[in-house]
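A structural walkthrough
Each chain is listed here by its residues.
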Amino acid sequence: MAVDTSSQSVAKAAGDDVARGRSRGTGHRRGPVKRSLSTHWYAWAMVAPVVVVIGVIIGYPLVRGIWLSLTDANERNVERSIGVNHIPATYEFVGLDNYADALTGSQFLGTLGWTLVWTVSCVSVTFALGLVLANMLNRKMAGRSVYRMLLILPWAVPGFVSVFAWRFLYDERRGILNQLLAGGGIDAVPWLNDPTWAKFSVIAVNVWLGVPFMMVALLGGLQSIPGEMYEAAEMDGANAWQRFRHITLPGLRSVSTTVILLSTIWTFNMFPVIFLLTRGGPGEATQILVTQAYKFSFEISPRDYAQSSTWGVLILILLMVFAAVYRRVLRKQGEVW
Amino acid sequence: MRRGIAATALVAALGVTLAACGSDNGSTGGTKGSGELSGTVTWWDTSTVGSEDKVFKKLAEDFTKKHPKVKVNYVNVPFGDAQNKFKNAAQSGSGAPDVIRAEVAWTPDFANLGYLAPLDGTAALKDQDDFLKQAAASTKYNGKTYAVPQVIDSMGIFYNKKIFKEAGVEVPKTVDELKSVSAKIKQKTGKTGLYLRGDDAYWFLSFLYGEGGDLVNADTKTVTIDNAAGVKAMKTVQELVDSKAAITDATNGWDNMQAAFKDGKVAMMINGPWAVADTYTGKEFADKANLGIAPVPAGSAGQGAPQGGHNLAVYAGSKNLDASYAFVEYMSSPEVQAKAAAELSLLPTRTSVYGKSEVAMNPMISFFKPVVEKAVERPWIPETGSLFAPLVTEYTKVLTHQTTPEQGAKTAGESYRKLLKDWK
């Protein structure tokens, strides 16, 4: 043992050492792995279970998915053993064929187009509404906590429950929305039966579900802005818009960049809203990438595992690229993330 | 840390789309040496909830009277979910029922995937010669029998006699008459003529057959959905909706169709015997005589209704194979079929049952019997169960004007050719 201190400070020192060593880029020449193991065995022992669990529950499916996307695996040629029947695997490695098919066919690109429209409109509307509501709730007014409770409600209801509720509201023949419209003398709206209305409807539900998160996060951000800044600005004669533009928005920056990133990723992969509300229909009008990947794997026959995995990997790549670009842009603007 | 959360969310979301293929299975065939049958038989029934399911549950549980040591576990799985649910369970080797009520088109598909136990030489196949030929056709695959026919059906026009009388019209015999009758009904009563299901391509078949078209031709290995007849049929259904002769929905079609017809908001629907018991529960049909039924409207090539039905199949991984065979035999026995026919107006699959008085007297059954005999069979190839998914997408797109009838038929044809390699 090179270091002779109590185990606690070893762990602490170890962390410091590694951090410093890495950031400086100076490598230890004599067996860094071995040295690290013998010195920091305690830290490694603490970390090991997590590494194993992550390796099993995240690493294995991920690697398996990537492998399947390079084969022609489907329901008929994968290995399965049912009672007395045992059917061996007969799928083959096909290289990047699936990726070439996906990227050159119209289906992936078409679905991607709508997925982008869906993501951008959901995130921007949700953010705008969340910001407005957060600002309103940040003022001192009577019954503020009641409003907050009510506005958080959509978040508290399990997603599938609220989506089913919306499905009933939207029903063209028996839904409450159309009955209300009929009371006002307006013709029934084909909420989920017309491609354009269906797109509008799924976005509306997702916004409804997403606003509470935005609102709560932004409200937290607002409350961290010191009130003195507003007072000072007011003394200098700044009007409400100027105060919002020059104090609130910059003050919210670190919160809003994070929630926008998270919200973009969630919305891009928002499976339940689309699946439960329209199943991607009418036709394929509201099908986003994840619901289509699910369809390949669970709804068509024979189930196309290869195609589904290919789409899954493409989704992962797209979101990783997005996150990297987003991070770079933020860093250029001086944001630490 | 934030990045950690995002990465976890990413990977977790991806995990949903990645199908890992389980292959564990420790079960062995549960053949008991001798003596009485025992154990539990889980049956997945897919009959209509609220009407048919009650009768089938009672019938299934009565199996215990014959075999006191066998427990029947009745599970009703909604028809729309059953195919996928069974596939998930069967492939992963856990959670699959011992016996499933499989739609005729699913049977060869499941058999081809190795999910079903062959029934030749088991107790399940008793008096095989008694089964109607059309009903038994879908149970055979690769020279073996994988299921026993439970019910057979076809489609016809269900109509509300009161509304027809009010409007002073006769039951339409052709698609053209359907349009004029609907127009008259709208004009005289303000009600819509027809409810056409837009979210299930099975409801499209009688229009397709009516034009002389078909999905595929298995004899010549040709895809036929995109020929002139297929395009014409797509045009026909689109016109029905455009001209307001029919209303449709892209989601929730079954519930909306039944509700609209039962409440007297539409005068007609195309449906089969499985809907009779449910339709009688509607307020318009408190007097059963108000429900009229007629052959599907003819297209330019004549009338053509699809032949459908359900089979009982045994899961190959069942731990109670013997009890399951006995259960299938019981559920398809003449006595049980006669009871189901009497209470639900469902068509038996055994010739002998049609001779029983309570079956012969049922007006719905006597209507559907000749219809079934003339009904158009689908080719019983393993891919039959795969033909609807691509078709329903295009069918809905045509009805909602996202694509033209020509393009819709063409796209459906292309996906069929992808599915059926080397077909024309």
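Numbering of residues starts from 1 in every chain and runs along the sequence as written. Written order determines the labels here, with chains lettered from A and ligands numbered from 1. With pLDDT at 70 or above as the cut-off, local features in this predicted model cover only qualifying residues; side-chain atom pairs require 80 or more to be listed or tallied, and sums for whole chains, interfaces and linings still use all residues. Note: side-chain values were computed over all heavy atoms of the structure, leaving out hydrogens and water.

A few points about the overall build of chain A
Quick reminder of the rule: Segments assigned H or I by DSSP are reported as helices when at least four residues long, segments assigned E as strands when at least two residues long, and all are numbered from the N terminus. Only protein chains enter the area calculation, which uses a 1.4 Å probe; residues under 20% of their type maximum are buried, those over 50% are exposed, and those in between are partly exposed. Contacts are assigned to residue pairs with any non-hydrogen atoms lying within 4.5 Å of each other.
Looking only at helices and strands, chain A has 14 helices and two strands in total. Here chain A holds 337 residues, and 41% of them are scored as buried. Partitioning the contacts of chain A with sequence separation of at least 6, the portion at a separation of at least 24 is 66%.

Thoughts on the confidence of the model for chain B
Using the following cut-off: Residue-level confidence of the predictor, termed pLDDT, takes values from 0 up to 100.
Across chain B, the average pLDDT comes to 87, with 92% of residues at 70 or higher. Scoring the predicted complex yields pTM 0.82 and, for the interface, ipTM 0.81.

Examining the pattern of salt bridges
To keep it simple, the criterion reads: Just to be clear on terms, a salt bridge is a Lys or Arg side-chain nitrogen sitting within 4 Å of an Asp or Glu carboxyl oxygen.
In total, this model carries 25 salt bridges over all chains according to the counting rule given. Among the salt bridges present, the one from D62 of chain B reaches K58 of chain B, with a minimum N-O distance of 3.4 Å. Linking K410 of chain B and E414 of chain B is a salt bridge whose minimum nitrogen-to-oxygen distance equals 3.7 Å. Taken together, the residues span about one helical turn, with K410 of chain B and E414 of chain B both in helix α18 (residues 405-419) at a distance of four residues. Connected through salt bridges with shared partners, the residues E75 and R303 of chain A together with K87 and D109 of chain B form a single ionic network.

Thoughts on the interface of chain A and chain B
In plain terms, the rule: Accessible-area loss on putting two parts together, using a 1.4 Å probe and summing over both, is the definition of buried area adopted here. Here a polar contact is recorded for every N or O atom pair within 3.5 Å, except that within protein the pair must consist of a potential hydrogen donor and a potential acceptor, and residues adjacent in sequence are included only if both atoms are side-chain atoms.
Taken residue by residue, the interface counts 57 residues in chain A and 51 residues in chain B. Summed over both partners, the interface of chain A with chain B buries about 4,600 Å², with 56% contributed by carbon and sulfur atoms. The largest per-residue losses of area from chain A upon contact with chain B belong to R76, I82 and R173 of chain A, which jointly make up 13% of the total buried on that side. Remark: the boundary between chain A and chain B carries three salt bridges. The salt bridge involving D249 of chain B is made with R173 of chain A; its shortest N-O contact spans 3.0 Å. Linking chain A to chain B there are 17 residue pairs in polar contact (both at pLDDT 80 or more).

Side note on the sheet that holds strand β11 (residues 246-247) of chain B
Residues and elements named next belong to chain B. Quick reminder of the rule: Strand pairing is defined by DSSP finding a minimum of two bridges between the two strands.
Ordered in space as β11-β8-β12-β7-β13, the five strands form an open sheet in which the pairing is mixed. Two strands in the sheet have a free side with no partner beyond their single neighbour: β11 and β13 (291-295). Here three bridges tie strand β8 (residues 192-195) to strand β12 (residues 266-271), and the two strands are oriented parallel to one another. Within β12, the position partnered with T192 by the bridge is V266.

Quick notes on the UniProt feature "domain: ABC transmembrane type-1" (unreviewed entry) in chain A
What counts is decided by this rule: UniProt positions are given in the numbering used here, feature names are shortened, and annotations may be inferred rather than shown by experiment.
Under the UniProt annotation, the feature "domain: ABC transmembrane type-1" (unreviewed entry) is placed at residues 112-326 of chain A. Measuring from the first to the last C-alpha atom of residues 112-326 of chain A gives 19 Å, for a span that is 77% helix and 0% strand.

Overview of helix α17 (residues 388-399) of chain B
For the record, the criterion: Take the residue count of a helix, subtract one, and multiply by 1.5 Å to get its expected span.
With twelve residues, α17 of chain B should reach 16 Å at 1.5 Å per residue; the first-to-last C-alpha distance of 16 Å fits that figure. Three or more residues of α17 of chain B are buried, namely F388, L391, T393, E394, Y395, T396, K397, V398 and L399 of chain B. For α17 of chain B, the secondary structure elements touched by its buried residues are α13 (289-298) of chain A together with α9 (205-210), α10 (228-242) and α18 of chain B. Of the residues flanking the end of α17 of chain B, it is H401 of chain B, one or two places downstream, whose phi is positive at about 60°.

Focus: unusual backbone geometry
Most peptide bonds take the trans form, and the phi angle of most residues other than glycine is negative. Note that the residue after S301 of chain A, namely P302 of chain A, is joined by a cis bond; omega there is -5°. Within the element layout of this structure, P302 of chain A appears in the loop between α13 and α14 (305-332). Despite not being glycine, N142 of chain B has its phi angle at roughly 55°, a positive value. Within the secondary structure layout, N142 of chain B lies in the loop between β4 (140-141) and β5 (144-145). Not every positive phi belongs to a glycine, and K244 of chain B is a case in point at roughly 65°. Mapped onto the secondary structure, K244 of chain B falls in the loop between α10 and β11.

Brief notes about the packing of helix α5 (residues 106-137) of chain A against α14 of chain A
Residue and element names in this part refer to chain A. Keep this limit in mind: The convention used is that axes are lines fitted to C-alpha atoms, helices contributing only their stretch in contact, and that angles between N-to-C directions extend from 0 to 180 degrees. For classification purposes, an angle smaller than 35 degrees is called roughly parallel, one larger than 145 roughly antiparallel, one from 65 to 115 roughly perpendicular, and anything else oblique. Less than a right angle of anticlockwise turn of the near helix away from the far helix marks a crossing as left-handed, whereas a clockwise turn marks it as right-handed. Three residue categories are used. Nonpolar comprises Ala, Val, Leu, Ile, Met, Phe, Trp, Tyr, Cys and Pro, charged comprises Asp, Glu, Lys and Arg, and polar comprises the others, including Gly.
Taken N-terminus to C-terminus, the directions of α5 and α14 make an angle of 45°; their axes are 13 Å apart at the nearest point. In terms of orientation, α5 and α14 fall into the oblique class. In this structure, α5 meets α14 at a crossing whose hand is right-handed. Here Q107, F108, T111 and L112 of α5 come into contact with α14, specifically with W311, L314 and L318. Per-class residue counts for the contact of α5 with α14 are five nonpolar, two polar and no charged.

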